[in-house]
Amino acid sequence: MAPDLSMILPRVLIVSRRTVRKNKFVDFVGEYHLDLIVSYGAAPVIVPRVNGVHMLLESFQPIHGVLLCEGEDIDPSLYDAELSGLSQEELDEIKKIHSSDTTIDREKDSIELALAKLCLERNIPYLGICRGSQVLNVACGGTLYQDLEKELSKNCLSRSESHLCQSIGVSSDMHPSTVLKNQSEIGQKYEKVVHMNYDNYDGHRHVVKIVENTPLHKWFKDSLLEEDDNKMEIWVNSYHHQGVKKLAQRFVPMAFANDGLIEGFYDPDTYNPVEGKFIMGLQFHPERMRGQDNGDFDYPGCAMAYQEFVKAVIAYEKKLNGCENIPRGVKLNHELESKRKSIIRSFSIAKNMYSNGLGRISEKISELEPGAEFLEANTALSVQQENRLKQMGATVRNASTYMYRLKMNEERERMARAILAKMSIEQLSDMIGFYHKMGQLCSEALDDKFNDMELA
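In this report, the structure presented in the accompanying data block is examined. This one's a predicted model, so the numbers in the text were calculated from it and none came from an experiment. (Residues numbered from 1 in each chain as written. Predicted model: local features only at pLDDT ≥ 70, side-chain atom pairs only at ≥ 80, totals over all residues. Heavy atoms only, no water.)

1. Examining the packing of helix α1 (residues 31-39) against helix α9 (residues 304-321)
Part 1 of the argument: Across the interface, α1 lies against α9 with an axial gap of 9 Å and an inter-helix angle of 50°. As summarised for this structure, α1 and α9 are arranged oblique, according to the angle between their axes. In this structure, α1 crosses over α9, and the sense of that crossing is right-handed. Note on element contacts: α9 touches α1 through Y306, F309 and V310, opposite H33, L36 and I37. (Axes fitted to C-alpha atoms, helices over the stretch in contact; angles between N-to-C directions. Helix = DSSP H or I, 4+ residues; strand = E, 2+ residues; numbered from the N terminus. Parallel < 35°, antiparallel > 145°, perpendicular 65-115°, else oblique. Left-handed = near helix turned anticlockwise from the far one by under 90°. Contact = heavy atoms within 4.5 Å.)

2. Details of the packing of helix α3 (residues 106-122) against helix α4 (residues 131-139)
Part 1 of the argument: Closest axis-to-axis distance for the α3/α4 pair is 9 Å, and the angle between their directions is 65°. The orientation of α3 relative to α4 falls into the category roughly perpendicular. Judged by the sense of rotation from one axis to the other, the crossing of α3 with α4 is right-handed. For the pair α3 and α4, the contacting residues are K108, D109, E112, L113, A116, K117 and L120 in the first and R131, V135, L136, V138 and A139 in the second.

3. Looking at the sheet that holds strand β4 (residues 43-47)
Part 1 of the argument: Across the sheet, nine strands lie side by side as β4-β1-β5-β6-β13-β12-β11-β8-β9; this open sheet has mixed pairing. Each of the sheet's edge strands pairs with one partner strand only, and the pair in question is β4 and β9 (233-236). Adjacent strand axes in the sheet meet at a mean angle of 20° when their direction is disregarded.
Part 2 of the argument: Where strand β1 (residues 11-15) and strand β5 (residues 65-68) come together, three bridges link them in parallel fashion. Across the sheet, V12 pairs through a bridge with G65, a residue of β5.
Part 3 of the argument: Where α1 meets the sheet, it contacts β1, β4, β5 and β6 (126-129), and its direction lies at approximately 145° from that of β4.
Part 4 of the argument: On top of the sheet, α4 reaches β5, β6, β12 (262-266) and β13 (279-282); it is set at about 120° to β6, its chief contact. (Pairing = 2+ DSSP bridges.)

4. Describing a nonpolar patch on the surface
Part 1 of the argument: On the surface, L420, L428, M431, F434, Y435, M438 and L441 cluster together into a nonpolar patch covering about 610 Å² of accessible area.
Part 2 of the argument: Top element by residues in the nonpolar patch is helix α14 (residues 425-455). It accounts for six residues.
Part 3 of the argument: Its location among the elements puts M431 in helix α14.
Part 4 of the argument: Accessibility expressed as a relative area gives 31% for M431, which makes it partly exposed. (Patch = residues over 30% accessible without salt bridge, like charges linked within 9 Å, V, L, I, M, F, W, Y side chains within 5 Å. Areas by Shrake-Rupley, 256 points an atom, 1.4 Å probe, with all protein chains shown as cover. Salt bridge = Lys/Arg side-chain N within 4 Å of Asp/Glu carboxyl O. Buried < 20%, exposed > 50% of the residue type's maximum accessible area, 1.4 Å probe, protein only.)

Take it as geometry only, folks, not as evidence of what the structure does.
See the structure below:
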């Protein structure tokens with residue numbers, strides 16, 4: 001059933017990719033991604049790849065989910081690229097072969113890494129496709145192959161020799177961590193894989209082996225070939241010359257290509273779409289695994305990554321707003337409406353007094369009382385209510401104590417001004433210098449204490 005688009009949908013941020021058209025830069029996002037996000041009930045919000053946007057990401061709030069997909073190679077300086085051992089001649093050859101992908105876009109890197117880290121800090125649902133999976137891995141301390149052909153494929157055997165892979169005892173029912181530990185050994189004996197085909201962008205496919213008891217296994221379970229030795233395999237579309245080299249510690253692999261490259265991974269500790277938890281990266285392109293003629297997906301599971309991602313986005317939005325069980329549109333009678341307005345007025349006055357520390361207290365006591373009474377009568381507040389009231393500066397349970405503190409502050413300020421008015425220019429200058437020096441000493445002492453805490 002199609003979602004009702006007349007309602008306000010949760011927001012999924014997607015960073016655009018830049019290209020040149022008619023001598024001008026144009027930003028774009030693949031339509032397949034946008035169509036799938038909308039079809040499952042979320043609103044895609046395109047973040048333009050424009051200089052300085054990485055400093056303005058808070059302006060895109062609320063953020064209920066992030067989908068990162070297309071783009072050029074990630075700046076190698078952001079991970080341990082020097083460990084690749086590639087010569088300058090090899091790097092130049094890579095740039096020549098993959099000229100459209102090796103142009104570094106540092107602004108896009110900054111935007112996407114900032115978004116990935118924001119998702120990790122706040123547990124915002126994140127889905128990374130192709131480059132987006134690489135961004136996620138780098139954001140968590142992982143590394144990348146700068147070029148699969150130069151670093152991975154040269155250690156692989158030809159397809160005719162791939163039967164030797166069986167001799168190292170790798171099976172699809174291995175625990176993911178065990179598979180990962182053996183990856184370097186596997187890569188030396190796996191067969192070569194073509195991960196990109198410039199002449200057949202959408203039609204190119206290669207085999208990946210899915211790891212059991214992972215989300216990918218659940219999504220593609222009905223399509224897996226279990227009747228022969230090639231069980232747990234599906235054919236996927238991919239278009240990349242880089243990939244995950246060292247997987248960040250928090251992640252678990254979900255699929256491998258026949259050359260040992262990790263084709264999918266996720267964080268099992270933050271995966272529960274119903275509860276708004278989803279952190280995942282897919283190196284292949286499920287959105288492009290469609291028939292050339294009819295557009296039907298190769299497997300029913302292809303769309304599941306987007307469906308489960310949006311499910312998590314919707315749950316996260318509800319959790320963020322705390323609106324799952326809050327009735328809306330309740331009408332109050334005249335007496336209750338009058339009381340509500342007086343409480344709001346009380347909170348507004350308290351906010352201004354708290355923020356500015358100014359005003360004639362005695363004239364506002366009667367207007368503060370409704371808010372104080374309300375707070376005293378509603379001691380059991382939810383976390384969200386507590387936070388909102390703190391932001392208003394009206395979480396004081398006893399109005400008289402609050403007003404006494406304001407009076408004391410006013411009295412201290414009055415006395416300080418009177419004393420300062422009697423001081424000479426030299427005395428005032430000395431005092432400013434003293435407090436400035438004390439500020440510096442306090443700052444240094446705080447830095448030392450923080451450093452001691454980190455070392456401990």
